[in-house]
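Reading the structure
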Amino acid sequence: MKNLKIIVSSFMIAVAINGLNAQDPNCDNNHFDMNNIVYIEDEDFDLGFNTSEYLPEDFDPNKYYFDLNSISFVEDVYVYIDNEKNLPKDFNVYANPKDFRNISYIDPTDETQLELETEEYLPADFNPYSRTSETDNISI
């Protein structure tokens, strides 16, 4: 019990000392002023190649070549989805699934009808199960 009192007391003393040393968060001693930033201006940089070979003759780096005001934005678009029409009447978004046996999974043994006649697009001797194509002799 004596050790517990010593530990709690030392913890409370440490918290009190940290509280006394804490600074006021509203203090303006370390106020950051954007006007005090020194910018490097009019200094030439050697890029290692001649930029005049790659830029147009009338190129001005200070000219805006794209007007941001020319962009038209679509505002206040409202999309209405009729949930009563597209969802069952007893549908609840927040309900837990009642029966996992009602979940439909894709059975790998089921035949799939693509409704696409592949004969028009594939060679006559095409075999999807062979490792090489007989027409091109290209191995896969």
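The coordinates are above.
Quick caveat, the model's predicted, so the values are computed rather than measured. (Residues numbered from 1 in each chain as written. Predicted model: local features only at pLDDT ≥ 70, side-chain atom pairs only at ≥ 80, totals over all residues. Heavy atoms only, no water.)

What follows deals with the overall build of the protein chain. Along the backbone of the protein chain there are two helices and zero strands. By the burial criterion, 0% of the 140 residues in the protein chain qualify as buried. (Helix = DSSP H or I, 4+ residues; strand = E, 2+ residues; numbered from the N terminus. Buried < 20%, exposed > 50% of the residue type's maximum accessible area, 1.4 Å probe, protein only.)

Another aspect to go through is a nonpolar patch on the surface. On the surface, a nonpolar cluster with roughly 820 Å² of combined accessible area is contributed by Phe45, Leu47, Phe49, Tyr54, Leu55, Phe59 and Tyr65. On the secondary structure map, phenylalanine 45 appears in the loop between helix H1 (2-21) and helix H2 (83-86). (Patch = residues over 30% accessible without salt bridge, like charges linked within 9 Å, V, L, I, M, F, W, Y side chains within 5 Å. Areas by Shrake-Rupley, 256 points an atom, 1.4 Å probe, with all protein chains shown as cover. Salt bridge = Lys/Arg side-chain N within 4 Å of Asp/Glu carboxyl O.)

Right, let's get into a negative patch on the surface. Taken together, Glu41, Asp42, Glu43 and Asp44 make up a surface patch of like negative charges. Looking at the secondary structure, you find aspartate 42 in the loop between H1 and H2. The exposure class of aspartate 42 is exposed, given its relative accessible area of 80%. (Lys, Arg positive; Asp, Glu negative; His and termini not counted. Charge placed at Lys NZ, Arg CZ, Asp CG, Glu CD.)

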